[in-house]
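Read off the chains here:
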Amino acid sequence: AVQPLEAATAATAAGSAGSHSDAGSAAARPWSLWASVGRLSQRGWLVVVPLLVGVAVPFVIPLLDFEYIEGLQTLLPRGDPLTETFLEVQDHFGVSQIFPNTIVVLPPNPGDVTSRGWLNASCHAMKFMASNVTEVMRAHGREAGDASLQNFAMKASDFSGLMIQGGICTSLLISLLENPLAKKYGDFLVNGFSNEDRTATKVRVKTTLDPFSTVGQKWIAAVRDAMAASEVWVSDPSFPGDTTVLGEMHLTGMAQEQMDGAADTFASLPRVIGATLLIVMAVLGSAFRSAVVPLRAVLCLSWMLLVTFGLGVLVYQHGVLQSLGIRPFLTSPDPPAHHAMYWMTPCIAFSILVGLGL
């Protein structure tokens, strides 16, 4: 009877000593700010969630105005002598001379590039395109309140190809150069604007706009729309049957390549973001064996991405911090309607932000 009593007394004493040891280790544990904030946010989540949503709203709204630009200027160091030299050359010779725009025309028949009828129809199509683009760009200017665009004018002389030079149709000249006596000079001229098989010809297009800017993107879109409307040229609208098939037209150049690449990238970006968040959920779910942890991580990442990108639009597009006079926060000297971020910035920042958030 004595032994069980002694065993119970020893067990009670051991338990009491263990509890004192646990209390001592808990008291010795260092205080952590983030751990305390985490515990507090979990307990008061009914207050924290609406608060986070309210904080995110002022940053989400500017995202609706997000615009991007392409080109080399945004990649060059501002104020550097090399940058200033590049901009000076560009100002003196024009953006079109540094980064030329070219329309590649693929006529339906190889001999069309020297056909008087096809050359004459394509020349009038170029004049129509100039008029059409002028109307579209002036409409953009009225919508944006941009006085420079409201006075924009694209002229027929902005096109330079076999069918048009200096705004004048050259179909008669080309047909005369096909004469055996002048064929040598005619071939030299034709070969300068077409390939060896004469299945394609090119037309240089000048513009006073920067094709890499947001306004330049609108100009490219307007030219492409005008080209699509001119692939079948109707010489006289009163006789719809009197048509000339000009063939396919493609506007090419560095600005167009970057514009198309940026458009494809942003079209794929939602799928990339969705796949990334699903992978994050799968990894965290398998690691912690919990459904709450990965869901909370994805919600926090989404909140952080929205706030960061919204802040980027406010700073670099709307210029909310340029009053500080800090060079990286200064927007471009162009009109406010032309301000935008470089198209690669959000794509690169997304991967960095997800890595930092995890």
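Read on for an overview of the structure. (Residues numbered from 1 in each chain as written. Predicted model: local features only at pLDDT ≥ 70, side-chain atom pairs only at ≥ 80, totals over all residues. Heavy atoms only, no water.)

### Let's talk about the nonpolar core
Piece 1. Judged by nonpolar contacts, the single largest core of 43 residues is most densely connected at Ile103, Met129, Val133, Met137, Phe159 and Trp219.
Piece 2. Elements with a minimum of two residues in this core: strand E2 (101-106), helix H6 (116-144), helix H9 (183-193), strand E6 (201-205), helix H10 (214-228), strand E9 (248-252) and helix H11 (254-288).
Piece 3. Excluding residues that lie within four positions of it along the chain, Trp219 makes contacts with Asn101, Val133, Met137, Phe152, Met154, Val205, Lys206, Thr207, Leu209 and Gln256.
Piece 4. Counting seven residues, the second largest nonpolar core, distinct from the first, contains Tyr68, Ala262, Phe266 and Cys347. (Core = buried A, V, L, I, M, F, W, Y, C linked by side-chain atoms within 4.5 Å. Buried < 20%, exposed > 50% of the residue type's maximum accessible area, 1.4 Å probe, protein only. Helix = DSSP H or I, 4+ residues; strand = E, 2+ residues; numbered from the N terminus. Contact = heavy atoms within 4.5 Å.)

### Quick look at the pairing of E9
Piece 1. Judged by which residues are buried, E9 turns out to be one-sided: Met249 and Leu251 face inward and are buried, whereas Glu248, His250 and Thr252, on the alternate face, are not.
Piece 2. The pairing of E2 with E9 spans five bridges and is classified as antiparallel. Within E9, the position partnered with Ile103 by the bridge is Leu251. (Pairing = 2+ DSSP bridges.)

### Here's the deal with the state of the cysteines
Piece 1. Evaluation of the coordinates by the stated rule reveals one disulfide.
Piece 2. Each sulfur in the disulfide pair Cys123 and Cys169 lies 2.0 Å from the other. Torsion about the S-S bond of the Cys123 and Cys169 cystine: about -85 degrees, corresponding to left-handed handedness. In this pair, Cys123 sits in helix H6 while Cys169 sits in strand E5 (residues 168-169), placing the two residues 46 residues apart along the sequence.
Piece 3. On the basis of relative accessible area, Cys123 is assigned to the buried category, the value being 0%. (Disulfide = S-S within 2.5 Å.)

### Describing the pattern of salt bridges
Piece 1. A full pass over the atoms with the stated rule returns one salt bridge.
Piece 2. Its salt-bridge partner being Arg224, residue Asp260 comes within 2.9 Å of it at the nearest N-O pair. Of this pair, Asp260 sits in helix H11 while Arg224 sits in helix H10, and the two are 36 residues apart along the sequence.
Piece 3. Overall, Arg224 belongs to the partly exposed group, its relative accessible area being 24%. (Salt bridge = Lys/Arg side-chain N within 4 Å of Asp/Glu carboxyl O.)

### A closer look at the packing of aromatic side chains
Piece 1. For the coordinates displayed, the defined rule picks out six aromatic pairs.
Piece 2. A ring pair is formed by Phe66 and Tyr68, whose centres lie 6.2 Å apart and whose planes are at 35 degrees; its orientation type is tilted.
Piece 3. The exposure class of Phe66 is partly exposed, given its relative accessible area of 25%.
Piece 4. In textbook terms, an aromatic cluster arises when at least three aromatic residues are bridged by ring pairs, as seen for Phe66, Tyr68 and Phe266. (Phe/Tyr/Trp six-rings, centres within 6.5 Å; stacked < 30°, edge-to-face > 60°.)

### Concerning the packing of helix H3 (residues 45-63) against helix H12 (residues 292-316)
Piece 1. Interaxial distance between H3 and H12 falls to 7 Å at its minimum, and their mutual angle equals 45 degrees. For the element pair H3 / H12, the angle class is oblique. For H3 against H12, the interelement crossing comes out left-handed. Facing H3, whose interface residues are Leu52, Val55, Ala56, Pro58, Phe59, Val60, Pro62 and Leu63, H12 presents Trp303, Leu306, Val307, Phe309, Gly310, Leu311, Val313 and Leu314.
Piece 2. Tallied by class, residues from the contact of H3 with H12 come to 15 nonpolar, one polar and no charged. (Axes fitted to C-alpha atoms, helices over the stretch in contact; angles between N-to-C directions. Parallel < 35°, antiparallel > 145°, perpendicular 65-115°, else oblique. Left-handed = near helix turned anticlockwise from the far one by under 90°. Nonpolar A, V, L, I, M, F, W, Y, C, P; charged D, E, K, R; others polar.)

### Digging into the side chain of Gln256
Piece 1. Turning to its location among the elements, Gln256 is positioned in helix H11.
Piece 2. Within polar-contact distance, the side chain of Gln256 engages the backbone nitrogen of Gly253 at 3.2 Å.
Piece 3. The residues touching Gln256, leaving out its near neighbours within four places in the chain, are Asn101, Trp219, Ile220, Arg224 and Leu251. (Polar contact = N/O pair within 3.5 Å; in protein donor to acceptor, adjacent residues only side chain to side chain.)

### Some thoughts on H10
Piece 1. Under the 1.5 Å per step criterion, the end-to-end length of H10 is 21 Å for 15 residues, consistent within 8% with the ideal 21 Å.
Piece 2. Within H10, burial applies to Thr214, Val215, Gly216, Gln217, Trp219, Ile220, Ala222, Val223, Ala226 and Met227. (Expected span 1.5 Å × (residues − 1).)

### A look at unusual backbone geometry
Piece 1. Within the chain, Arg198 stands out as a residue other than glycine whose phi angle is a positive 60 degrees.
Piece 2. By relative accessible area, which is 16% here, Arg198 ends up buried.
Piece 3. Located in the positive-phi region is Arg289, a residue other than glycine, with phi close to 50 degrees.
Piece 4. Relative to the elements of secondary structure, Arg289 occurs in the loop between H11 and H12.

### Section: the sheet that holds strand E3 (residues 159-160)
Piece 1. Pairing within the open sheet is antiparallel, and its four strands lie in the order E3-E6-E2-E9. The outermost strands of the open sheet, each flanked by one partner alone, are E3 and E9.
Piece 2. Bridging between E2 and E6 involves five bridges; their strand directions are antiparallel. Within the sheet, the bridge partner assigned to Thr102 lies in E6 and is Arg204.

### What to know about the environment of Cys300
Piece 1. Inspection of the secondary structure puts Cys300 in helix H12.
Piece 2. Along the chain, Cys300 and Leu52 lie 248 residues apart, while their C-alpha atoms are 9.6 Å from each other.

### Notes on the packing of H12 against helix H13 (residues 344-357)
Piece 1. Where H12 contacts H13, the two axes come as close as 10 Å, and the packing angle between them is 140 degrees. Between H12 and H13, the interaxial angle falls into the category oblique. Here H12 and H13 pass one another in a crossing that is right-handed. Across the interface between the two elements, Leu301, Met304, Leu305, Thr308 and Phe309 from H12 touch Pro346, Ala349, Phe350, Leu353, Val354 and Gly357 from H13.
Piece 2. Grouping the amino acids of the contact of H12 with H13 by side-chain chemistry returns nine nonpolar, two polar and no charged.

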